[in-house]
Amino acid sequence: MQTKVLNANKNAAKAAALLREGELVAIPTETVYGLAANALDSEAVAKIFRAKNRPADNPLIVHVQALDALGKYARNVTDELLSKLDGFMPGALTVILPKRDNIPNIVSGGLDTVALRIPAHPVALEILRESALPLAAPSANRSGSPSPTTAAHVLQDLNGKIAAIVDGGECTVGVESTVLSLCGAVPEILRPGAVTAEELEAVFGEIAMSKAVFSALKEGAIAASPGTKYRHYAPKSPLVLVTGNSERFAQYCNARRCAALCFDEDVALLDVPYFSYGGAEDFAAQARLLFAALRRLDAIAPEIAAHAPKAQGLGLAVYNRLLRAAEFRVV
Ligand code: TXA
Ligand code: MG
């Protein structure tokens with residue numbers, strides 16, 4: 001199959017037509033690129049799992065165009081809940097709710113819940129509107145590799161495996177959405193993202209943080225969010241997370257001759273190949289550059305040391321992705 005690269009300015013209708021025909025189309029969102037298919041068509045959704053080589057028990061996020069669609073695919077969507085979600089959606093928040101029967105089991109990975117998100121990206125919203133479909137869309141990478149934040153990243157992983165990519169330029173957020181389960185007594189963050197725990201607490205009151213955010217799942221344990229049990233975001237080169245100040249980080253990299261995923265403040269001290277992913281306090285830059293940096297360093301280095309970000313605010317999302325990429329190796 002030849003993968004068409006479509007310009008985002010005038011191709012929403014073409015992308016929508018392909019999706020309606022049951023094809024896969026990679027689309028830009030504000031977080032990362034998504035690999036979209038008609039969420040109501042099990043055969044189309046099956047193509048996503050094949051193209052990404054994704055385990056069948058890892059469920060997909062269903063993207064919809066507006067808040068009024070939530071109740072079409074999920075139960076327990078009250079007016080009170082909608083008013084709480086109003087400030088977050090469209091945006092980098094995915095909510096987990098009990099699913100309705102119209103969501104195929106292949107989408108939910110056999111769970112009785114569904115993940116729903118409204119992307120805050122004009123091109124994604126235009127394609128949702130044109131297609132008039134709910135779109136199942138995981139990140140548009142090969143399963144396990146860093147998520148794509150440009151159309152070129154998508155091509156690297158999926159060229160020839162999908163019908164088209166809509167090129168919307170670089171994603172502005174750079175890490176995937178916050179996944180919030182609304183199925184228990186207390187809302188629980190299963191995956192941290194650009195919408196922070198503090199922002200959610202201001203609207204929902206108490207918020208729980210899943211243990212899976214900071215630690216590996218024990219062998220055989222059941223994951224609340226199945227995606228958390230797989231090796232993730234990982235470059236091919238082994239990666240280690242290094243805590244502490246610039247001096248400690250640079251010493252580690254220089255002594256071991258490994259490539260550095262560093263902060264701007266570290267650069268002057270390094271005499272190894274490096275890629276800076278922003279200032280130590282600039283969480284937005286770190287999030288935006290993280291996955292591109294991992295792809296870049298992977299191509300040049302047999303071993304990578306990453307300077308650990310502060311695990312707070314958006315930094316927590318960056319820390320969580322790096323922790324998984326490092327398979328929990330922290331020094
Ligand atoms: O920003 C994002 O969320 C991007 C863009 C494309 O929207 N999508 C994304 O999808 O990151 P994916 O498939 O790479 O990650 C979805 C995560 C996985 O960890 C999955 O296990 C979890 O959400 N998830 C999906 N449905 C779930 C459900 N019903 N219950 C619990 N976790 C679920
Ligand atoms: Mg993913």
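These remarks concern the structure in this document. Predicted, not measured: the structure shown is a model, and the values here were computed from it. (Residues numbered from 1 in each chain as written. Chains lettered and ligands numbered in written order. Predicted model: local features only at pLDDT ≥ 70, side-chain atom pairs only at ≥ 80, totals over all residues. Heavy atoms only, no water.)

### Quick notes on the overall build of the protein chain
Across its full length, the protein chain holds 11 helices and 15 strands. Its C-alpha atoms give the protein chain principal-axis dimensions of about 55 × 50 × 35 Å. Counting every position in the protein chain, which comprises 331 residues, the buried fraction comes to 58%. When contacts within the protein chain are restricted to residue pairs at least 6 apart in sequence, those whose partners lie at least 24 apart make up 66%. Accessible surface for the protein chain amounts to roughly 13,700 Å². Of this, 50% is attributable to carbon and sulfur atoms. Taken as two groups, the 33 positive and 34 negative side-chain charges of the protein chain have centres that lie 6 Å from each other. (Helix = DSSP H or I, 4+ residues; strand = E, 2+ residues; numbered from the N terminus. Buried < 20%, exposed > 50% of the residue type's maximum accessible area, 1.4 Å probe, protein only. Contact = heavy atoms within 4.5 Å. Areas by Shrake-Rupley, 256 points an atom, 1.4 Å probe, with all protein chains shown as cover. Lys, Arg positive; Asp, Glu negative; His and termini not counted. Charge placed at Lys NZ, Arg CZ, Asp CG, Glu CD.)

### Regarding the packing of helix 10 (residues 283-300) against helix 11 (residues 314-325)
Where helix 10 meets helix 11, the axes come as close as 8 Å, and the angle between the chain directions of the two elements is 25°. Taken together, helix 10 and helix 11 sit at an angle that is classed as roughly parallel. Helix 10 and helix 11 meet at a crossing whose hand is left-handed. The segment helix 10 lies against helix 11, with Phe283, Ala284, Gln286, Ala287, Leu290, Phe291 and Leu294 engaging Leu314, Gly315, Val318, Arg321, Leu322 and Ala325. Class assignment for the residues of the contact of helix 10 with helix 11 results in 10 nonpolar, 2 polar and 1 charged. (Axes fitted to C-alpha atoms, helices over the stretch in contact; angles between N-to-C directions. Parallel < 35°, antiparallel > 145°, perpendicular 65-115°, else oblique. Left-handed = near helix turned anticlockwise from the far one by under 90°. Nonpolar A, V, L, I, M, F, W, Y, C, P; charged D, E, K, R; others polar.)

### Section: the nonpolar core
Ranked by size, the top nonpolar core spans 68 residues in total, and within it Leu35, Leu85, Leu116, Ile127, Ile162, Leu200 and Phe204 carry the most contacts. In this structure, Val32, Val173, Leu241 and Leu322 belong to the second largest nonpolar core, which totals 29 residues. (Core = buried A, V, L, I, M, F, W, Y, C linked by side-chain atoms within 4.5 Å.)

### Some thoughts on the packing of aromatic side chains
For the coordinates displayed, the defined rule picks out 2 aromatic pairs. Aromatic side chains Phe214 and Tyr319 sit 6.5 Å apart centroid to centroid with 50° between the ring planes, which places their arrangement in the tilted category. Highlighted residues: Phe214 in the loop between strand 11 (208-209) and strand 12 (239-242) and Tyr319 in helix 11, separated in sequence by 105 residues. The interplanar angle of 15° and the centroid separation of 5.2 Å between the aromatic rings of Phe263 and Tyr277 together place this pair among those described as stacked. Of the two residues, Phe263 sits in the loop between strand 13 (259-262) and strand 14 (274-276) while Tyr277 sits in the loop between strand 14 and helix 10, which places them 14 residues apart along the sequence. In this pair, the class of Phe263 matches that of Tyr277, namely buried. (Phe/Tyr/Trp six-rings, centres within 6.5 Å; stacked < 30°, edge-to-face > 60°.)

### A closer look at the pairing of strand 9 (residues 178-181)
Covered by surrounding structure in strand 9 are Thr178 and Leu180 together with Val179 and Ser181, the residues of both alternating faces. Relative to strand 9, strand 5 (residues 93-98) is paired through 4 bridges, and the arrangement is parallel. Paired with Ile96 across the two strands is Ser181, which belongs to strand 9. Across 3 bridges, strand 9 lies against strand 10 (residues 188-191) in antiparallel orientation. Within strand 10, the residue paired with Leu180 across the bridge is Ile189. Taken together, strand 9 and the strand that follows it, strand 10, pair antiparallel across an intervening segment of 6 residues. (Pairing = 2+ DSSP bridges.)

### Side note on the packing of helix 1 (residues 12-20) against helix 6 (residues 122-131)
As a packed pair, helix 1 and helix 6 sit with axes 8 Å apart at the nearest point and diverge in direction by 55°. For the element pair helix 1 / helix 6, the angle class is oblique. Like other packed secondary-structure pairs, helix 1 and helix 6 cross with a definite hand, here right-handed. Along the contact surface, helix 1 presents Ala12, Ala13, Ala15, Ala16, Leu19 and Arg20, while helix 6 presents Glu126, Ile127, Glu130 and Ser131. Looking at the contact of helix 1 with helix 6, its residues break down into 6 nonpolar, 1 polar and 3 charged.

### Notes on a negative patch on the surface
Taken together, the side chains of Glu198, Glu199, Glu201 and Glu206 make up a negatively charged region of the molecular surface. Classification of Glu199 by relative accessible area gives partly exposed; the value is 38%. (Patch = residues over 30% accessible without salt bridge, like charges linked within 9 Å, V, L, I, M, F, W, Y side chains within 5 Å. Salt bridge = Lys/Arg side-chain N within 4 Å of Asp/Glu carboxyl O.)

### Examining the sheet that holds strand 3 (residues 34-38)
Strand order across the open sheet formed by 11 strands is 1-8-2-3-7-4-6-5-9-10-11, with mixed pairing between neighbours. Looking at which strands have only one partner, the edges of the open sheet turn out to be strand 1 (4-7) and strand 11. Pairing analysis gives 4 bridges linking strand 1 to strand 8 (residues 164-167), with the strands arranged parallel. Bridge assignment links Val5 to a residue of strand 8, and that residue is Ile165.

### Digging into unusual backbone geometry
The linkage connecting Met89 with the following residue, Pro90, adopts the cis geometry, with an omega of 5°. Secondary-structure assignment places Pro90 in the loop between helix 4 (79-85) and strand 5. Look at Phe328: it is not a glycine, yet its phi comes out positive at around 70°. Along the chain, the position of Phe328 falls in the segment after helix 11.

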